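Take a look at the letters that make up each chain.
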Amino acid sequence: AQGKGIKCSLCTKALKKIQALAGDDPDEDAVAAALQRGCTVLGRAKGKLCQQLVNKFRDQITEGLQNGDTPRDICAAMGICRS
């Protein structure tokens, strides 16, 4: 269950960053740009993981951010964190 913890904290951290980049009331373009930039700031190894995550769950992340869900809630909805 430990891998889940690491993935969960990475997911939450990445989404916090993406959320900050997207702004308070992001449209789809703002979220898309934030998804692109959000992963690069995490460094090479984590950035790669982050990118895979973003590609796989793009719609869920976009929807979550637009609904104003917390990063933790979004990660839980994607099954990465335990809710």
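The name an unreviewed UniProt entry assigns to the chain is SAP protein, from the organism Vireo altiloquus.

Take the overall build of the chain next. Across its full length, the chain carries 4 helices and 0 strands. For the chain, the sequential pattern of α-helices and β-strands runs α-α-α-α. Taking 12 Å as the expected radius of gyration for a compact globule of 83 residues, we find that the chain reaches 11 Å, a close match to that expectation. On the principal axes, the C-alpha backbone points of the chain span a range of 35 × 30 × 20 Å. A total of 83 residues make up the chain; the buried ones form 37% of that total.

Right, let's talk about the nonpolar core for a bit. Counting 24 residues, the largest nonpolar core has Cys11, Leu15, Ile18, Val54, Ile61 and Met78 as its most contacted members. Elements with a contribution of two residues or more to this core: helix H1 (2-22), helix H2 (28-40), helix H3 (44-67) and helix H4 (71-77). Tallying contributions element by element places H1 first for this core, with 7 residues. Sequence-distant contacts of Leu15, that is, excluding residues within four places in its chain, are made with Ile61, Pro71, Ile74, Cys75 and Met78.

This part takes up H3. Given 3.6 residues to a turn, an α-helix orients residues that are three or four positions apart in the same direction. The end-to-end C-alpha distance of H3, which contains 24 residues, comes to just 29 Å, noticeably less than the 34 Å that a straight helix rising 1.5 Å per residue would cover. Of all the bends in H3, the largest measures some 85 degrees and sits at Phe57. Residues Gly47, Cys50, Leu53, Val54, Phe57, Ile61, Thr62, Gly64 and Leu65 constitute the buried set of H3. Looking at the residues trailing H3, positive phi occurs at Gly68, about 75 degrees.

Counted by the stated rule, this structure contains 3 disulfides. Between Cys8 and Cys81 runs a disulfide, and the two sulfur atoms are separated by 2.0 Å. For the disulfide bridge between Cys8 and Cys81, the dihedral angle about the S-S bond is near 105 degrees, and by the sign convention the bridge is right-handed. Here the residue Cys8 occupies a position in helix H1, and Cys81 occupies one in the segment after H4, the gap between them amounting to 73 residues. In this structure, Cys8 and Cys81 share a single accessibility class: buried. Residue pairing for Cys39: its cysteine sulfur links by disulfide to Cys50, the two sulfurs lying 2.0 Å apart. Torsion about the S-S bond of the Cys39 and Cys50 cystine: about -70 degrees, corresponding to left-handed handedness.

Basis of the calculations
- Residues numbered from 1 in each chain as written.
- Predicted model: local features only at pLDDT ≥ 70, side-chain atom pairs only at ≥ 80, totals over all residues.
- Heavy atoms only, no water.
- Helix = DSSP H or I, 4+ residues; strand = E, 2+ residues; numbered from the N terminus.
- Rg over C-alpha atoms; globule rule 2.2 N^0.38 Å.
- Buried < 20%, exposed > 50% of the residue type's maximum accessible area, 1.4 Å probe, protein only.
- Core = buried A, V, L, I, M, F, W, Y, C linked by side-chain atoms within 4.5 Å.
- Contact = heavy atoms within 4.5 Å.
- Expected span 1.5 Å × (residues − 1).
- Bend = angle between axes of the 7 residues up to and from the residue.
- Disulfide = S-S within 2.5 Å.

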